[in-house]
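Chains, contacts and geometry: an overview
Next come the chains, spelled out residue by residue.
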Amino acid sequence: MAGGGDVAACLRDVTKSYGPVKVLDIPRLDLERGQIVAVVGENGAGKSTLMGVLSGTVTPTTGTIEVAGQQLVPGRPDHAQELGVAMVAQEFPLVGQLSVAENLLLGRRPESSGTTLLSRTVFDRRGTRAEAKALLAEVGVTQVDVDRPVERYPVPVRQMIEIAKAWGHHPVVLILDEPTSSLGPVEAERVLALARRHAAAGGAVLFIGHRLDEVQAVADRVVVLRSGALVADLTPAEATEERMIREMVGSELARADLAPPSTVERTTTLSVRGLTADGLGPVDLDVRAGEIVGVAGLMGSGRSRLLHTVMGAQPRTGGEVLLDGAVFHPRHPADAVAAGVGLVPEDRKVQSLLPAHSVRWNVTLATLRRISRHGVLRPRADKEHAAGIVADLGVRLRTQEQPISALSGGNQQKAVFGRWLAAEPRLLLLDEPTRGVDVGAKAEIYALIDAAAQDGLAVLVASSELEELLWICHRIVVMAGGRVVADLPRAEFGKEKIMSAAAGSRTGAGTGPEGKASA
Amino acid sequence: MNTRTAAAPAKEAAPEGNGRGSVVRRLLETPEVGVVAACVVVFVALALDKSSFAGAVNLQGMGFDLAQYGLIAIGESLVILTGGIDLSVGALLGTSVILMSWFNVRAGMPPVLAILLTLVIAGLVGMVHGLAVTRLKMAPFVVTLVTYTVAQGVTLAITSGTSITGIGGTFGDLGQTYVAQIPLPLILFVVVAVIAWFFLERTYAGRQVYAVGGNPEAARLAGIRGDRRIVSMYVTSSLLSAFAGIMVLGRMGVGSASGVGVGWELSAIAAAVIGGVSLVGGQGRILGIVAGTVLLELINNGLTTLQINSNYTNIVLGCVLGLAITADRLRARSVARRS
């Protein structure tokens, strides 16, 4: 039996099967104290199951798990927590209506409270607030009012709150599930620093990442999962990007076969002048047909707001937008769709999918009126239309009638792309187009964007992943504080340039952790 | 389509066994199977036990009942599909009965005019519901609770507790006629059900109703004007209440002030839920809703036929509802597990 000395957690012969399908098979895995173990793998490779098993939310079919020398009772999240496993989930289990402070101390009482019966029964508002503030300061989040309800903060801030919440449990094993997927570069770096600090203090970190550069930067050890099996256990030196991708996808390599973006220049599709909205602008921006324009910026810089305002999903307060030379003022996204604009929003589950409904319903959502005749849907045409979309985009599924929530993240996102490409828009707005998508699907989505642009579609992509923008865009505009602060053609692309522009308009220096978390 | 990907590496093979058992699985994944089966079982059991149950007279009686409850169950379900709830359907039905008889008898209007005017009023009430829910973002429960209360008050105020007699013959023609032994209200109900089915399954507006109920934000960002769909469903629900009111008035022959329709909204909600309509919205089909109504009616009538003390009826109906919800939950969970 492994003692509690330097092994924080160990898994022995852990498997998990759903019916005949084995989704996880780990003969042996030790998480040592002081080590950051990164887990990489495509969607469906078993990463979530591994985390679930360790944090007690998934009951393994066979095998045992020990945390700090004690055996974990399978399928008991509370027991895992007691043993010192804390998990930062990708979908945040925060109570939206409760305040930040209440969320941070959810399920426990502030340490400052006394132990008398009264102080154990009565909610200690002052202690809660004080401890919440201290926690947030510890993880480096400033300018968050702990009394405001969590739901009033945007996703990136909520992610930081979630991290602070896990941090507050003083865990032995800290599980981070793609903690930076919704964060801008500065905040992401802060999270990585936090992981390092936890390891340095003798804790173990299990880090699930999609961004391979981050994995390289942070991991002391990289574990690669493929189809539920542990296929590689790499040292940082071995874990080059190529190597990791090769292990993840098996034989085929994803990145090299992407064609560089074309530089066709055509007429101006979107022309934005002095556009203002709540927290946005004034913004001037042009996107030509066939052009892919990236929008970079820290979180809260107005990237999503720009897209939503163009789409008519957020009220515009001023300025003018021309679409193919005609005045374009959508008051509802329906106006934008009718004019030939599509939006792939940031949060797939909340903003894109009808999770309980079939793939067919999901992919035809934006083209329903078009495929109906006098408002009537013909079942066969409906099915053929959906089958065409699914086939063109290479969505992997059993049948188009299965609920879309049963697909992997990458395939869901491809379906959402299919929904919009089927509408044959003139302008496509993409907000974090590959969030929560595995490497293989990412490459396919990039190819889709590229192909659509070649056909003359104007694309505006907002993303917090700089590599992504550098890879697919012809031009990148950098936003800060709701305004465009830089406009870089492809020849001038550079990470440092974008980062300093994004942070530049603020008071702090470009490299300092000054990127704030304003709503 | 203007895009094409390079041959997608098809390595995510479908993990589940194909062919064998797929018919069973598809049946199990169809939410309405349970209710329809239950209807058949209950009907056959009762018919075998009591020959009078399947007799023409009793079946006709059930047909009248079915039409009344079924019409408001459909209206209720349309609202639930959008993610709302309409507590006013029963009370509004009662008020419609009184309004029609009052317009006809006291105000001296011809029956047709009385009906039309009542339908207009009901439609306006529904529109107020819809606008309050969409524009003012008021909770559907509260909005329709207001109408529920006010409508009952209006009924009392108009009648002062005494029924209105002497209504025109048109009402009786609508509410009591048989076409080839089949009650006219039942036929009208079937017509409404078919129209609702067609709307939900075969029109893009119907699909959009599901989308709005399933995920309002996703629907909005996909360019669907959800507010319009929601308002129109509230209007339809109120119209169907008034329409059912015509049948009730025709059948009773008097504008009864004694609580017609009160509590019917709960039967309507129960029928919807038993039929597989999800209370969070976006899920449920007409087949299930109709089957849910039929099942409730079969049980209700069956208990009478079996001469079980009517005081026990609600206990049985409540248990059936509880059973339906539990079965639906278990089914949904097993489907979710498998995926």
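Calculation criteria
Residues numbered from 1 in each chain as written. Chains lettered and ligands numbered in written order. Predicted model: local features only at pLDDT ≥ 70, side-chain atom pairs only at ≥ 80, totals over all residues. Helix = DSSP H or I, 4+ residues; strand = E, 2+ residues; numbered from the N terminus. Buried ≥ 20, exposed ≤ 12 C-beta atoms within 10 Å, placed from the backbone. Contact = placed C-beta atoms within 7 Å. Expected span 1.5 Å × (residues − 1). UniProt positions renumbered as here; feature names shortened; annotations may be inferred. Pairing = 2+ DSSP bridges. Axes fitted to C-alpha atoms, helices over the stretch in contact; angles between N-to-C directions. Nonpolar A, V, L, I, M, F, W, Y, C, P; charged D, E, K, R; others polar. Parallel < 35°, antiparallel > 145°, perpendicular 65-115°, else oblique. Left-handed = near helix turned anticlockwise from the far one by under 90°. Core = buried A, V, L, I, M, F, W, Y, C linked by C-beta atoms within 7 Å. Domains from an automatic or database assignment.

**Quick look at the overall build of chain A**
Counting its secondary structure elements, chain A contains 19 helices and 20 strands. Counting only residues that meet the buried cut, chain A has 53% of its 519 residues in that class. Sequence-distant contacts in chain A: of pairs separated by 6 or more residues, those separated by 24 or more amount to 68%.

**Considering helix H7 (residues 185-200) of chain A**
Relative to the 22 Å expected for 16 residues at 1.5 Å per residue, H7(A) spans 22 Å between its end C-alpha atoms, a close match to the ideal helical length. Backbone geometry just after H7(A) places A:Gly202 at a positive phi near 100°.

**Some remarks on the UniProt feature "transmembrane region" (unreviewed entry) in chain B**
Residue and element names in this part refer to chain B. Residues annotated by UniProt as "transmembrane region" (unreviewed entry) correspond here to residues 78-103, 109-132, 139-158, 178-200, 230-250, 262-280 and 287-306. Between the first and last C-alpha atoms of residues 78-103 the distance is 29 Å; the span itself is 73% helix and 0% strand. Structurally, residues 178-200 comprises 74% helix and 17% strand, and the distance from its first C-alpha atom to its last is 29 Å.

**Examining the sheet that holds strand S18 (residues 458-462) of chain A**
Residue and element names in this part refer to chain A. Taken in spatial order, the six strands line up as S16-S17-S18-S13-S19-S20 in an open sheet, and their pairing is mixed. Looking at which strands have only one partner, the edges of the open sheet turn out to be strand S16 (341-344) and strand S20 (483-489). Between one strand and the next, the sheet's axes are offset by a mean angle of 20°, whatever the strand orientation. In this structure, S16 lies alongside strand S17 (residues 427-431), joined through four bridges in parallel fashion. Each residue of the ladder has a partner; that of Val341, found in S17, is Leu427. With respect to the sheet, helix H10 (residues 303-311) is in contact with strand S13 (292-297), S16, S17, S18 and strand S19 (475-480), its orientation differing from that of S17 by roughly 150°.

**A closer look at the interface of chain A and chain B**
Across the boundary between the two partners, chain A contributes 49 residues, which contact 33 residues of chain B. Going through the elements one at a time, helix H11 (333-339), helix H12 (348-352), helix H14 (368-371), helix H15 (379-393), helix H16 (409-421) and helix H17 (439-454) of chain A are the ones with two or more residues in the side of chain A that touches chain B. For the side of chain A that touches chain B, the class distribution of residues is 29 nonpolar, 11 polar and nine charged.

**Some remarks on the sheet that holds strand S15 (residues 326-327) of chain A**
Residues and elements named next belong to chain A. An order of S12-S11-S14-S15 is seen for the four strands of this open sheet, with the pairing classed as antiparallel. The open sheet has two free edges, formed respectively by strand S12 (280-288) and S15, since each of these has just one partner strand. Looking at chain direction, strand S11 (residues 268-277) and strand S14 (residues 316-323) are connected through six bridges and run antiparallel. Counted as the bridge partner of Arg273 is Glu320 from S14.

**So, the environment of A:Val73**
Residues and elements named next belong to chain A. Tracing the backbone shows Val73 in the loop between strand S5 (70-71) and helix H2 (77-83). Val73 sits in the partly exposed class, given 14 other C-beta atoms within 10 Å. Each C-alpha atom, one on Val73 and one on Thr59, is 9.0 Å from the other, the two residues being 14 residues apart in sequence.

**Observations regarding the packing of helix H3 (residues 56-81) of chain B against helix H13 (residues 286-305) of chain B**
Residue and element names in this part refer to chain B. With their axes 9 Å apart at the nearest point, H3 and H13 run at an angle of 140° to one another. Classed by the angle they form, the pair H3 and H13 counts as oblique. For the element pair H3 and H13, the recorded crossing hand is right-handed. Judged by residue contacts, Asn58, Met62, Asp65, Leu66, Tyr69, Gly70, Ala73, Ile74 and Ser77 of H3 engage Ile289, Val290, Gly292, Thr293, Val294, Leu296, Glu297, Asn301 and Thr305 from H13. By residue class, the composition of the contact of H3 with H13 is nine nonpolar, seven polar and two charged.

**So, the nonpolar core**
One recurring pattern in soluble globular proteins: nonpolar side chains tend to sit buried together. Ranked by size, the top nonpolar core spans 253 residues in total, and within it A:Ala38, A:Val173, A:Ile175, A:Leu206, A:Phe207 and A:Val459 carry the most contacts. Top contributing element to this core by residue count: helix H11 (residues 226-252) of chain B, with 14 residues. Two domains each put at least three residues into this core: domain 1 (7-84 + 171-249) and domain 2 (268-355 + 425-504) of chain A. With residues near it in sequence (within four places) discarded, A:Val459 still touches A:Ile292, A:Val293, A:Leu428, A:Leu430, A:Ile449, A:Ala452 and A:Ala453.

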